[in-house]
Amino acid sequence: MSISFKNAFGMHPEAMVIREQRTQVLAENIANADTPGFKARDLDFQQALANAQHRQGRMAARTHEKHFAIDSSVRKEMQYRNPDQPDTGDGNSVDIHRERNLFMQNDLAYRTSLQFLDGRISSLKKAIKGQ
């Protein structure tokens, strides 16, 4: 009997990768809070997850082992954020409080997926050992 990791883990591995990417985008926003002209960006998690599911269903096979594996996905889920605060004159659209809150929410969701995967792996280990 084989173990299907796709059935065991679901979309959590893809979700963690997307959450990691969003963490980087939010960290860039926070780091550039005082950079004149910087525009805050964000990653639409739901859109990115839907795109990941779609890509899984249509992965193209390489016809030769020396061909590059190319992911032709367009990053439609990356967007500039509309500012909630008036422009301070320097063109920067980062609201540091909003960015910190989004960063913490994203971190919490990442940790939740990590705990889920940890529980699944522990369950699989027990099943393999016959416990």
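Owing to the predicted nature of the structure, the values given are computational and were not obtained by experimental measurement.

All right, on to the overall build of the protein then. From N to C terminus, the protein includes four helices and two strands. Order of helices (α) and strands (β) in the protein, N terminus to C terminus: α-α-β-α-β-α. When each of the 131 residues of the protein is scored for burial, the buried share is 27%. Within the protein, contacts between residues separated by at least 24 positions form 78% of all contacts whose residues are at least 6 apart in sequence. With an accessible surface of roughly 9500 Å², the protein has 54% of that area assigned to carbon and sulfur atoms.

What follows concerns the side chain of Ser-113. Mapped onto the fold, Ser-113 is located in helix α4 (residues 96-129). On the basis of relative accessible area, Ser-113 is assigned to the buried category, the value being 9%. Ser-113 has contacts with His-12, Ala-15 and Met-16, leaving out every residue within four places of it along the chain.

One pass over the full model with this rule turns up one cavity of 30 Å³ or more. Estimated volume of the largest cavity: approximately 40 Å³. Every residue lining the largest cavity is listed: Ala-40, Arg-81, Asn-82, Pro-83, Asp-84, Ser-93, Val-94, Asp-95, Arg-98 and Glu-99. Grouping the constituent residues of the lining of the largest cavity by class yields three nonpolar, two polar and five charged.

Now for the packing of aromatic side chains. Applying the stated criterion to the full structure yields zero aromatic pairs. The ring of Phe-45 has Arg-19 sitting right over it, with the charged end atom 3.6 Å from the ring centre.

This part is about α4. With 34 residues, α4 should cover 50 Å at 1.5 Å per step; its first-to-last C-alpha distance of 49 Å lies within 8% of that length. Within α4, the full set of buried residues consists of Glu-99, Leu-102, Asn-106, Ala-109, Ser-113 and Leu-117. Looking one or two residues past α4, Gly-130 carries a phi angle of roughly 80°, positive in sign.

Ranked by size, the top nonpolar core spans eight residues in total: Met-11, Ala-15, Ile-18, Leu-43, Phe-45, Ala-48, Leu-49 and Ala-52. Of all the secondary structure elements, the ones that give two or more residues to this core are α2 (12-31) and α3 (45-57). For this core, the element with the most residues is α3, which contributes four residues. Setting aside its immediate chain neighbours within four residues, Ala-52 contacts Met-11, Glu-14 and Ile-18.

Analysis parameters
Residues numbered from 1 in each chain as written. Predicted model: local features only at pLDDT ≥ 70, side-chain atom pairs only at ≥ 80, totals over all residues. Heavy atoms only, no water. Helix = DSSP H or I, 4+ residues; strand = E, 2+ residues; numbered from the N terminus. Buried < 20%, exposed > 50% of the residue type's maximum accessible area, 1.4 Å probe, protein only. Contact = heavy atoms within 4.5 Å. Areas by Shrake-Rupley, 256 points an atom, 1.4 Å probe, with all protein chains shown as cover. 1 Å grid on protein atoms, 1.4 Å probe; cavity = no way out; pocket = protein on both sides within 12 Å on 5 of 7 lines; lining within 4 Å. Points joined across faces, edges and corners; volume = space filled by probe spheres on them. Nonpolar A, V, L, I, M, F, W, Y, C, P; charged D, E, K, R; others polar. Phe/Tyr/Trp six-rings, centres within 6.5 Å; stacked < 30°, edge-to-face > 60°. Lys NZ or Arg CZ within 6 Å of the ring centre and 35° of its normal. Expected span 1.5 Å × (residues − 1). Core = buried A, V, L, I, M, F, W, Y, C linked by side-chain atoms within 4.5 Å.

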